[in-house]
Amino acid sequence: MKTKLMGLLVVLALLSGCSKTVLKADSDPNVDIASLQSFYVKKFEPDRRGLEQVIATKLEELGYQASSGTGPVPAGVDAVVTYADHWAWDITNYMLEINIQFRNPQTDYVISNGNSYRTSLVRKAPEFMIEETLREMLGKGPMPANSGAGK
Amino acid sequence: MWRTAIVLMCAVLAGCAAGNRYNYRDHAVSLPIRAEGQRILVLTVEDLRPYVLNGDKPANFVGLQRGGFGNPFDVTTASGQSLTQDMKASISNSLRNAGYTVIANPTEPDMSQLKQVAAQNDASRIVWLKVKDWKSDIYVSIGLSYDLHLAVYNAQGILLAENTQQGDSTVGGGKLSASQNSEHMAQEFSKRIGYLFNSPSIRDAL
């Protein structure tokens, strides 16, 4: 009985690492994030999945002007968006984490930072993780209950 | 048999958690300021972390990395130097990139001595960062407790502006390698220092 209980505790301890979610955003208290209306998403060089386009699309869906690419930052944008994605493998490949930053176009200074981290058992599609991160950064509230990008 | 099992268990629990080192020194800080004309600053960073001052942890301690069952291991600086030395190097380089001439104070900060250094180098400002807390705690997620105080004085030691950043929260998910955790923490440091410098009064004073 004691051995079974110990075994169960060990299994639970090991599995607990498989279901961790972190959704976090913070912004420079001296910057009014609500004043940002136009964004340029700069492609993360190692990204081969076109996530810069996903981020730009999600920003547009949230009501902002957004474009993306690898070229120079267009004149007049309020913020440059940079990101870094991390992936892991558990039966299938999945996005473990995405970090998104809003930067001052002139100085490259980070004015806001968002992070979504989901381990294997709570994995979600990149579109979902990107949208929940942007919502957190822009104060747009939680993901809608009927969000179609859940898997 | 039991001895082998215990040794194996210890090895598994320690895993990648033991002996981790984070590189704060070589990470550029994202600063919102640019020097206008020739500006000379004296920079000093003071370690006021209570667990370092009371000798519980060494000056190069930066936080904890937890093993399989939450067992903690100390994380130290990659350089082996104190955390405040690494922070000073990082901030100095970033201020230089922003156009300032920086005199990094090599000794324990003391205002009368800082005023002397400022006078000897024709510096117009003294920038003093007090690190009251900076400790990461990494298991499945990354926790960070921090308490930073930045003050800008003129060459005569009169306070011109100050700003603080403090908190204790989860700042991300634990990474698969020590080098990724190191990078994440260096970025977190860069961001917090940037926020400190972006206060209007600090920017005006510099």
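To start, this report covers the structure provided alongside it. Remember, it's a predicted structure, so these values are computed and weren't measured experimentally. (Residues numbered from 1 in each chain as written. Chains lettered and ligands numbered in written order. Predicted model: local features only at pLDDT ≥ 70, side-chain atom pairs only at ≥ 80, totals over all residues. Heavy atoms only, no water.)

Observations concerning the overall build of chain B
Along chain B, the regular secondary structure elements total 6 helices and 8 strands. With respect to the principal axes defined by its C-alpha atoms, chain B has extents near 70 × 30 × 25 Å. Of all 206 residues assigned to chain B, the portion counted as buried reaches 54%. Considering only contacts within chain B whose residues lie at least 6 apart along the sequence, 68% involve residues at least 24 apart. With the model as given, the accessible surface of chain B reaches about 9,100 Å², and the carbon-plus-sulfur share is 51%. In chain B, 19 positive and 18 negative side-chain charges are present, and the distance between their average locations comes to 3 Å. (Helix = DSSP H or I, 4+ residues; strand = E, 2+ residues; numbered from the N terminus. Buried < 20%, exposed > 50% of the residue type's maximum accessible area, 1.4 Å probe, protein only. Contact = heavy atoms within 4.5 Å. Areas by Shrake-Rupley, 256 points an atom, 1.4 Å probe, with all protein chains shown as cover. Lys, Arg positive; Asp, Glu negative; His and termini not counted. Charge placed at Lys NZ, Arg CZ, Asp CG, Glu CD.)

Section: the pairing of strand E7 (residues 141–154) of chain B
All names here are of chain B. Burial runs high along E7: 14 of the 14 residues are buried. The alternating pattern of E7 places Ser141, Gly143, Ser145, Asp147, His149, Ala151 and Tyr153 on one face and Ile142, Leu144, Tyr146, Leu148, Leu150, Val152 and Asn154 on the opposite face, and all of these are buried. Pairing of strand E6 (residues 125–138) with E7 involves 13 bridges; the strand directions are antiparallel. Note on E7: the bridge partner recorded for Ile138 is Ile142. Linking two consecutive strands that pair antiparallel, namely E6 and E7, is a turn of 2 residues. Examined bridge by bridge, E7 and strand E8 (residues 159–173) share 13 bridges and lie antiparallel to one another. Residue pairing for E8: Ile142 is matched across the bridge by Gly172. The hairpin formed by E7 and E8 contains 4 residues between the paired strands, and Gly157 there has a positive phi angle of roughly 85°. (Pairing = 2+ DSSP bridges.)

Let's talk about the packing of helix H2 (residues 51–61) of chain A against helix H3 (residues 126–138) of chain A
Residue and element names in this part refer to chain A. Between H2 and H3, the least distance of the axes is 10 Å, while the angle of their chain directions is 50°. One way to sum up the angle between H2 and H3 is to call them oblique. Of the two elements, H2 crosses H3, and the hand of that crossing is right-handed. Contact with H2, carried on its side by Leu51, Val54, Ile55, Lys58 and Leu59, involves Pro126, Glu127, Ile130, Glu131, Leu134 and Leu138 of H3 and no other residues of that element. Tallied by class, residues from the contact of H2 with H3 come to 8 nonpolar, no polar and 3 charged. (Axes fitted to C-alpha atoms, helices over the stretch in contact; angles between N-to-C directions. Parallel < 35°, antiparallel > 145°, perpendicular 65-115°, else oblique. Left-handed = near helix turned anticlockwise from the far one by under 90°. Nonpolar A, V, L, I, M, F, W, Y, C, P; charged D, E, K, R; others polar.)

Details of the side chain of Ser145(B)
Residues and elements named next belong to chain B. Following the sequence through the fold, Ser145 ends up in strand E7. There is a polar contact of 3.3 Å between the side chain of Ser145 and the side chain of Asp133. Dropping the residues within four chain positions of it, Ser145 is found in contact with Asp133, Trp134, Lys135, Gly167 and Asp168. (Polar contact = N/O pair within 3.5 Å; in protein donor to acceptor, adjacent residues only side chain to side chain.)

Thoughts on the interface of chain B and chain A
Counting residues at the interface gives 26 residues for chain B and 25 residues for chain A. Summing both sides of the interface, chain B and chain A together bury roughly 1,800 Å²; the carbon and sulfur share of this comes to 57%. Viewed at the interface, chain A and chain B are joined by 2 salt bridges. In this structure, the salt-bridge partner of Arg192(B) is Asp26(A), at a minimum N-O distance of 3.2 Å. Applying the counting criterion to the chain B and chain A interface returns 10 residue pairs in polar contact (both at pLDDT 80 or more). Residue assignment for the side of chain B that touches chain A shows that the elements contributing at least two residues are E8 and helix H5 (178–197) of chain B. Looking at the side of chain B that touches chain A, its residues break down into 8 nonpolar, 13 polar and 5 charged. (Buried area = accessible area lost by both parts, 1.4 Å probe. Salt bridge = Lys/Arg side-chain N within 4 Å of Asp/Glu carboxyl O.)

As for the side chain of Ser94(B)
Residue and element names in this part refer to chain B. Mapped onto the fold, Ser94 is located in helix H3 (residues 83–97). Here Ser94 falls in the buried class, since its relative accessible area comes to 5%. Within polar-contact distance, the side chain of Ser94 engages the backbone oxygen of Ser90 at 2.9 Å. Look past the residues within four positions of Ser94 in its chain and what remains in contact with it is Ala28, Val29 and Leu31.

Quick word on the environment of Asn154(B)
Residue and element names in this part refer to chain B. With respect to the helices and strands, the residue Asn154 is situated in strand E7. Judged by its relative accessible area of 14%, Asn154 is buried. With 107 residues separating them along the chain, Asn154 and Asp47 place their C-alpha atoms 22 Å apart. When near neighbours in sequence (up to four residues on either side) are disregarded, Asn154 contacts Ser124, Arg125, Ile126 and Leu160.

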